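Take a look at the letters that make up each chain.
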Amino acid sequence: MSRVAEFLFRRRGGAGWHWTDVFTWFWLIGGLIVMFGPALWLVNSSFKTPAALAEFPPTVLPYVTAEAIVEGYEEPLQLFEVRNDDGSVRVLAEVRRLGTVAQMVDPANPGEIIRVNIQNRTPKRSIAFALDNYVQPFLAFDFFLYLRNSVFVTVVATLITLLTNSMAAFALSKYNFRGRSAVMMLIVATLMVPLSVILVPLYSVISAMGLFNSLWGVILPTVATPTGVFMLRQYMLTIPDELIEAARMDKASEWQIYWRIILPLTAPALAVLAIFSVVWRWNDFLWPLIVLSRKEVYTLQVGLNTYAGELNVQWHYILAMTVVTMIPVVLVFIFLQRFITTGIAGSGLK
Amino acid sequence: MGDVRNGIATRAGAMILAPVGWLANVFDAPLRMLQRRTGSNGMAVFFLAPNMLVFGIFVLFPLVINILYSMTGGGALFLGDRTFVGADQYGRLFSCGSYLDPKSCTEDLFWIAVWNTLAFVVLQVAMMVAVALVTALVLNRELRARSFWRAVFFFPVLLSPVVVGLIWRWILQRQGLLNLMVFEAGGTPVNWLVERNWAFTATIMVSVWAHVGFYALILLAGLQAIPKDLYEAAEMDGTRPLRVFWRITLPLLAPNLLVVLVLTLIRAVQIFDEVYVLTGGGPGTSTLFLTQYIYEVGFASMLRNPGLASAASILMGAVLVVLTLIQLGIARRNEQRGKMR
Amino acid sequence: MSQITLTDVSRAFGKIGVLHDINLDILDGELIVFVGPSGCGKSTLLRLIAGLDRPTGGAIAIDGKDVTTVPAADRGLAMVFQSYALYPHMSVRQNLAFGLENARMARAEIDARIAEAARMLEIAPYLDRRPGQLSGGQRQRVAIGRAIVRNPTAFLLDEPLSNLDAELRISTRAELAALHERLSATMVYVTHDQIEAMTLADRIVVLRAGRIEQIGTPLELYNHPANLFVAGFIGAPRMNLLPVKVAAGGTGRSSLTLDGSAGFEIDGIVSATNGDVTLGLRPHHISLADAGKGDIAARVALVEALGSETIVHTRTSGGQTMLAVVAGQYPVASGDTVDLKFDTSHLHLFDDTGVRIAVS
């Protein structure tokens, strides 16, 4: 442990602690707690039973209270550890509670009621993960359907985005044609028009096309991202024109040049765009909220939001579903974090 | 090193494309015929077409008819069924006894949203830039496992707004983690999302939490572009750290800071998702922001009024256009400065 | 048969003309070199022939067939690019095969041709490597191989040696010459290096500012440069050029006056309008003589002793810099005063517009 600490805290030059070092570690440790803490607490809570969730103060680990079926009582009774006056401990089941006194029975001897001051008993608990929180949303709710819709939207939108954006970027980076700069200007201009500015007319366009309540209505407006075209064009500009001319001399058609020369060479940029597109589409909320009004077509985000409104008291389900919704993004983060962060630093896109 | 990685990515790309290589062949014959008609340069139009089609239908066209929408009234959806009302929608938005007092306005919700958004933008942007800057400075120090620490702050950026909203709803609820900590510290638990000022503060904190990693990353890239020898020279001169920060770091980071400032502004003006999930605009209207107003008026409320929503969105769009033009101007200036170096 | 004919070819970018009325016949099987300083339009001319660019005027024909509007792919030509332009994501073998596959050639034929080219160019060991794993010289061979397997009507080479180091450039130059010999194919070769042009070419086309200055064999260009530009461009070290006054001399002779003082007579009548001409004399045609025995006195400014020959930089009393190349090692030091002796049988005269004057 001390060696870990030594490794972590070793300072350049080995001089004493400057106040900036103290601050640095304060900020890093604080950041670790504030950034990860809430998400971890959510994951942790998602494994608790409704009863454990309702407790205040909450426990750190997910406990379930032990219960026992006692002869003569229909419902299972909750078990408590009762401290006797002499300091010995025994396990009793609670029948009912009256003020500060609990009426309890020994499961082995159910006939005799024992009165115990509630100060002297603690619930008998064991650590258990309430996996039911995760199973039920799939069985009882349409959660699986939402998951499928979200996967469909994410995958299809990303594929179309990659195809159309890379084709457009190819045209804008490797051809000279009249109106090219006008097209570029147009694309720059629309960087200024976020979705929230055209909600109403876009909704009418989607409705007129019969795409209301259709996943395609969610997918199509998102695929012509100006950022994607920009980023790919920037990358393609670095591919030497001589390669394309060599391919033309090699009797390649323009389509083959695009597919067999440009696309493979643009792979790094395509990968970055693909990752971003997956995260964007998986996380989209406002537009699906508007386009999708029937439960069968909800995406995860819309479905989750609706649950959070409807199941206001059933937090155990909401927490579990939130965790499931988080999983793909967390996986992307764990495996591609370095790729993403360098991608952002390089292109400033989000 | 970069070359090697690029090589690997390129090879990976070729491998990914190989299974769908038949696409190249299937489309090749008809496209060759097309190319015979258009010439190789003419194929640019073909490559541009899909993107521009989608772009035209789902971005440009709506943008143009948005202006028409804002000049029509009634609840009908399609433009043809709507009645022309001229500038009435704008008139309605601006009919106010005093702009400072939303209650005196016909559209009191609009002005509540405007003032809420303004307050949010000012506070959130200030907080965001400050926290991002400190984080970037800390990450720029000689750290072990820097990429780990960078990841720590970046982690929430990828989370969906709904997840962010729910995480914090769970933390801030009456029996949540925050109240546990307050309780343990001997304080009185607060109902964070039910008290107006606390709820408003929460929207700022949560949005900073969710996005600060992104801006810290941009600033960190800017910091790492500052030549190390400048710091070494300052160290030789025995310059104190704070003075190094004010006289070297800050001036050289200024272009990146400007970019971050404008980007946060643009995003803050449009704030919706995580706030909507966190507070739903409440309690009352204390966290009702512009985008939510547009959404509610356009789609959700009983008295749907698409024309009014359009007018409000055009006003918001105008603000965003100004901000974006500033951003593009800065970007261009930075680029030129980069070239001069 | 592969004859390329350019008729009045011009190319302009907007209002800026890059090539003006180029007329040129490239003969079957010849290696023709376009040479000129950068920006002279030689690469543009090659790209017009290749079909990668379209002329704004004139016509291009291959074997008598007008190909002016035919796309590059259908002209049957192969090109070796300055950067080699090898597809970085394909192996050497795939690079060679790409063009043949596009032409829908049978697999067996493709393999046979690749094997043949690999043997000829000695690149068989690298066939499964990627261009990034090859050295500059190896890449260059692959680029040539990619052209060879196509079995083209003509080869177009755009400064193919400029990315190689000096030593490799010389050996590759020899290999290219051998290759041309063996394939006896038409080759159009672009370079800015006049030595490359002299050593490789059957004929050289000297270009300047989008116009052809002279077409001829290397020795024609060397011995009879058509104008001042060609005279200065071909040959190293550069030809000495100095203004002289010409006047009628003895019978059938002309007298030339340098710097208004020293002068000498030559055989032949020089017809110059006002007597102002430019005298051109290659450094190899100037020798050093004892004081009083040469044509002009000069002070030695710099001596470059190369062992096999000595390059002497001198300055005449009139302030003209003159170079002399003397065979072997010559005992002279800077500061010395020497006399320069001109080999008058090898002198060139140019009129005030720079055009060569015939001496009759």
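Being a predicted model, the structure only gives us computed values, none of them experimental.

A word on the interface of chain B and chain A
Okay, step 1: Each partner contributes to the interface: chain B provides 109 residues, whereas chain A provides 112 residues.
Okay, step 2: Both faces combined, the contact of chain B with chain A buries some 10000 Å², and carbon together with sulfur accounts for 77% of it.
Okay, step 3: Three residues stand out in chain B for area buried against chain A, namely B:Phe47, B:Phe58 and B:Trp170, and they jointly supply 9% of the buried area on that side.
Okay, step 4: Linking chain B with chain A are 1 salt bridge, by the criterion used here.

Quick word on empty space enclosed by the protein
Any empty space left between the atoms is revealed when a probe the size of a water molecule rolls over them.
Okay, step 1: All chains considered together, the criterion is met by 2 cavities of 30 Å³ or more.
Okay, step 2: Estimates place the volume of the largest cavity at around 60 Å³.
Okay, step 3: A:Trp41, A:Ser45, A:Lys48, A:Ala52, A:Leu53, A:Pro58, B:Trp170, B:Gln173, B:Gln175, B:Gly176 and B:Leu177 are the residues that line the largest cavity.
Okay, step 4: Among the secondary structure elements, those contributing two or more residues to the lining of the largest cavity are helix H2 (19–45) and helix H3 (50–54) of chain A.
Okay, step 5: Here the residues of the lining of the largest cavity are counted per class, giving 6 nonpolar, 4 polar and 1 charged.
Okay, step 6: Along its surface, the second largest cavity is lined by A:Ala246, A:Met249, A:Asp250, C:Ala78, C:Met79, C:Phe81, C:Arg146, C:Ala147 and C:Arg150.
Okay, step 7: Taken together, the residues of the lining of the second largest cavity sort by class into 6 nonpolar, no polar and 3 charged.

Points about the UniProt feature "transmembrane region" (unreviewed entry) in chain A
Residues and elements named next belong to chain A.
Okay, step 1: Within this numbering scheme, the UniProt entry marks residues 22–43, 152–172, 184–203, 215–236, 257–280 and 315–336 as carrying the feature "transmembrane region" (unreviewed entry).
Okay, step 2: Between the end C-alpha atoms of residues 22–43 the distance is 31 Å, and the span holds 100% helix and 0% strand.
Okay, step 3: Taken end to end, residues 257–280 is 96% helix and 0% strand, and its two terminal C-alpha atoms sit 30 Å from one another.

Looking at helix H11 (residues 254–265) of chain A
Residue and element names in this part refer to chain A.
Okay, step 1: Counted at 1.5 Å a residue, the expected span for H11 with its 12 residues is 16 Å, and the 15 Å between its end C-alpha atoms agrees.
Okay, step 2: With 11 of its 12 residues buried, H11 lies for the most part within the structure.
Okay, step 3: Residues Glu 254, Trp 255, Gln 256, Ile 257, Tyr 258, Trp 259, Ile 261, Ile 262, Leu 263, Pro 264 and Leu 265 constitute the buried set of H11.

Points about the packing of aromatic side chains
Okay, step 1: Taken as a whole, this structure holds 44 aromatic pairs over all chains when the rule is applied.
Okay, step 2: With a centroid separation of 5.5 Å and an interplanar angle of 55°, the aromatic rings of B:Phe110 and B:Tyr293 are classed as tilted. One end of the pair, B:Phe110, is in helix H4 (residues 108–139); the other, B:Tyr293, is in helix H12 (residues 290–300), and 183 residues separate them in sequence.
Okay, step 3: Owing to a relative accessible area of 1%, B:Tyr293 belongs among the buried residues under this scheme.
Okay, step 4: Taken together, the ring pairs connect A:Phe170, A:Tyr175, A:Trp255, A:Tyr258, A:Trp259, B:Phe27, B:Phe46 and B:Phe47 into an aromatic cluster.
Okay, step 5: Over the ring of C:Tyr87 we find C:Arg146; its NZ or CZ atom is 4.9 Å from the centre of that ring.
Okay, step 6: When the ring centre of C:Tyr222 is taken as origin, the NZ or CZ atom of C:Arg282, which lies over that ring, is 3.9 Å away.

Examining the sheet that holds strand S1 (residues 4–13) of chain C
All names here are of chain C.
Okay, step 1: Spatially, S2-S1-S4-S5 is the arrangement adopted by the 4 strands of the open sheet, whose pairing is antiparallel. This sheet does not close on itself; its edge strands, each paired only once, are strand S2 (16–26) and strand S5 (65–66).
Okay, step 2: Bridge count between S1 and strand S4 (residues 57–62): 5 bridges; the pairing is antiparallel. Each bridged residue has a counterpart across the sheet, and for Ile 4 the counterpart in S4 is Ile 62.

Brief notes about the pairing of strand S16 (residues 296–305) of chain C
All names here are of chain C.
Okay, step 1: Where S16 lies against strand S19 (residues 337–342), 4 bridges are found, and the strand directions are antiparallel. Paired with Arg 299 across the bridge in S19 is Thr 337.
Okay, step 2: Note: S16 against strand S17 (residues 309–316), 7 bridges, orientation antiparallel. Counterpart to Val 300 in the pairing with S17 is Thr 314.

Re the pattern of salt bridges
A side chain with one charge can pair with a side chain of the opposite charge if their charged atoms come near.
Okay, step 1: Tallied over the entire structure, the rule returns 22 salt bridges over all chains.
Okay, step 2: Among the ionic pairs, C:Arg47 bridges to A:Glu245, the shortest N-O distance being 2.5 Å. Placement of C:Arg47 in helix H1 (residues 42–50) and of A:Glu245 in helix H10 (residues 241–249) is noted, with the two residues assigned to different chains.
Okay, step 3: C:Arg47 sits in the partly exposed class, given a relative accessible area of 23%.
Okay, step 4: For C:Arg203, the salt bridge goes to C:Glu30, with nearest N and O atoms at 2.8 Å. Note that C:Arg203 is positioned in strand S9 (residues 203–208) and C:Glu30 in the loop between S2 and strand S3 (31–35), a separation of 173 residues in sequence.

Reading the values: rules and limits
Each chain carries its own residue numbering, running from 1 in the direction its sequence is written. Chain letters and ligand numbers both follow the written order, the letters beginning at A and the numbers at 1. Only residues with pLDDT of at least 70 are given local features in this predicted model, and only at 80 or more are side-chain atom pairs given and counted; all residues enter the totals for whole chains, interfaces and linings. Only hydrogens and water are removed before side-chain values are computed, so all heavy atoms of the structure are retained for them. The criterion used for residue contact is that any of the two residues' heavy atoms lie within 4.5 Å. Joining two parts hides part of their accessible area as seen by a 1.4 Å probe, and the buried area is that hidden amount summed over both. Salt bridges, as used here, are contacts in which a Lys or Arg side-chain nitrogen is within 4 Å of a carboxyl oxygen on Asp or Glu. In this analysis the probe radius is 1.4 Å and the grid spacing 1 Å, with only protein atoms considered; a cavity is a set of points the probe fits into but cannot get out of, a pocket is an open set with protein on both sides within 12 Å along at least five of seven lines, and lining residues have an atom within 4 Å of a point. Grid points are joined across faces, edges and corners, and a volume is the space filled by probe spheres set on the points. To qualify as a helix, a DSSP run of H or I must reach at least 4 residues; to qualify as a strand, a run of E must reach at least 2; elements of each kind are numbered from the N terminus. Residues are grouped as follows: nonpolar covers Ala, Val, Leu, Ile, Met, Phe, Trp, Tyr, Cys and Pro; charged covers Asp, Glu, Lys and Arg; every other residue, Gly included, is treated as polar. UniProt positions are given in the numbering used here, feature names are shortened, and annotations may be inferred rather than shown by experiment. In this analysis, the expected span of each helix is defined as 1.5 Å times one less than the number of residues it contains. Think of it in three bands: residues with accessible area under 20% of the maximum for their type are buried, residues over 50% are exposed, and the middle band is partly exposed, with areas taken using a 1.4 Å probe on protein chains only. Only centres within 6.5 Å qualify two rings of Phe, Tyr or Trp (six-membered ring in Trp) as a pair; their planes then separate them into stacked at under 30 degrees, edge-to-face at over 60, and tilted for everything else. Sitting over a ring, as applied to charges here, requires NZ of Lys or CZ of Arg to be within 6 Å of the ring centre and within 35 degrees of the ring normal. Whether two strands pair depends on DSSP finding at least two bridges between them.

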